[in-house]
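Examination of the molecular architecture
Chain by chain, the residues run as shown.
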Amino acid sequence: MSAQRMVYAVVSLTIAAGIWLTGCNEVHWLLYIPAVLLGFAAITGICPGFLFWKACGLK
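Small disclaimer: the values here were computed from a predicted structure and weren't measured. The numbers attached to residues start from 1 for each chain and follow its sequence in the written order. This being a predicted model, a pLDDT of at least 70 is required before a residue's local features are given, and a value of 80 or more before pairs of side-chain atoms are given or counted; all residues contribute to the totals for chains, interfaces and linings. As a rule here, side-chain values come from all non-hydrogen atoms in the structure, and water together with hydrogens is ignored.

1. A short note on helix 1 (residues 3-22)
Note the cut-off: Numbered from the N terminus, helices here are DSSP runs of H or I no shorter than four residues, and strands are runs of E no shorter than two. Expected helix span is taken as 1.5 Å per residue step, with the number of steps being one fewer than the number of residues. Partly exposed residues are those whose accessible area sits between 20% and 50% of the maximum for their type, while under 20% is buried and over 50% is exposed, using a 1.4 Å probe and protein chains only. For this quantity, the arc is that covered by the directions from the helix axis to the C-beta atoms. Note on definitions: a residue-residue contact is assigned when non-hydrogen atoms from the two residues lie within 4.5 Å.
Taking 1.5 Å per residue, 20 residues should reach 28 Å; helix 1 reaches 28 Å between its end C-alpha atoms and fits that length. Within helix 1 the residues assigned to the buried category are Tyr-8, Ala-9, Ser-12 and Ile-19. For helix 1, the angular spread of buried residues about the axis comes to 95°, placing them on one side. What points out from helix 1, more than 90 degrees from its buried face, is the exposed set Ala-3, Val-7, Leu-13, Thr-14 and Leu-21. Where helix 1 is buried, its residues touch helix 2 (32-44). Just beyond helix 1, the residue with positive phi is Gly-23, at close to 115°.

Okay, structure coming up:
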């Protein structure tokens, strides 16, 4: 696992732990999106956020 994937995994797990500690019924559904996308990036190595901003013209 690369360092970049490990960063994605740690951030995703931190958000997921915050959701769990707060209560899954208490947090807004929008908070699940970054947790899922960063988890996907950690598993596959493809970061949807990076691809989005790159498509918008940022380097």
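2. What about the nonpolar core?
Put simply, the rule is: Residue types Ala, Val, Leu, Ile, Met, Phe, Trp, Tyr and Cys, when buried and joined through side-chain atoms within 4.5 Å, form a set referred to as a nonpolar core.
By size, the foremost hydrophobic cluster in this structure holds 6 residues: Tyr-8, Ala-9, Leu-38, Ala-41, Ala-42 and Cys-47. Of all elements in the fold, only helix 1 and helix 2 reach the threshold of two or more residues within this core. In terms of residues, this core owes the most to one element, helix 2, which gives 3 residues. Beyond its immediate chain neighbours, meaning those up to four positions away, Ala-41 contacts Arg-5, Tyr-8, Ile-46, Cys-47 and Pro-48.

3. Some words on the environment of Trp-29
One can find Trp-29 in the loop between helix 1 and helix 2. For the pair Trp-29 and Lys-59, spaced 30 residues apart in sequence, the C-alpha to C-alpha distance is 30 Å.

4. Some thoughts on the state of the cysteines
Definition in use: Criterion for a disulfide: a pair of cysteine sulfur atoms within 2.5 Å.
Tallying each qualifying case throughout the model produces 0 disulfides. Free of any disulfide, Cys-47 has its nearest cysteine sulfur in Cys-56, 13 Å distant. Of the residues examined, Cys-47 reaches a relative accessible area of 15% and is grouped as buried.

5. Notes on the packing of helix 1 against helix 2
Under the convention used in this document: Whenever a helix is involved, its axis is fitted only over the stretch in contact; in every case the axis is a line through C-alpha atoms, and angles between N-to-C directions fall within 0 to 180 degrees. Working rule for angles: under 35 degrees goes down as roughly parallel, over 145 as roughly antiparallel, 65 to 115 as roughly perpendicular, anything else as oblique. In this scheme, a crossing is called left-handed if the near helix is turned counterclockwise away from the far one by less than a right angle; it is called right-handed if the turn is clockwise. Residues are grouped as follows: Ala, Val, Leu, Ile, Met, Phe, Trp, Tyr, Cys and Pro are nonpolar; Asp, Glu, Lys and Arg are charged; every other residue, Gly included, is polar.
Relative to each other, helix 1 and helix 2 sit at 150°, their axes nearing to 8 Å. Of the possible angle classes, the one that applies to helix 1 and helix 2 is roughly antiparallel. When the axes of helix 1 and helix 2 are compared, the crossing they make is left-handed. For the pair helix 1 and helix 2, the contacting residues are Arg-5, Tyr-8, Ala-9, Val-11, Ser-12, Ile-15 and Ile-19 in the first and Tyr-32, Pro-34, Ala-35, Leu-38, Gly-39, Ala-41, Ala-42, Ile-43 and Thr-44 in the second. The residue makeup of the contact of helix 1 with helix 2, split by class, is 12 nonpolar, 3 polar and 1 charged.

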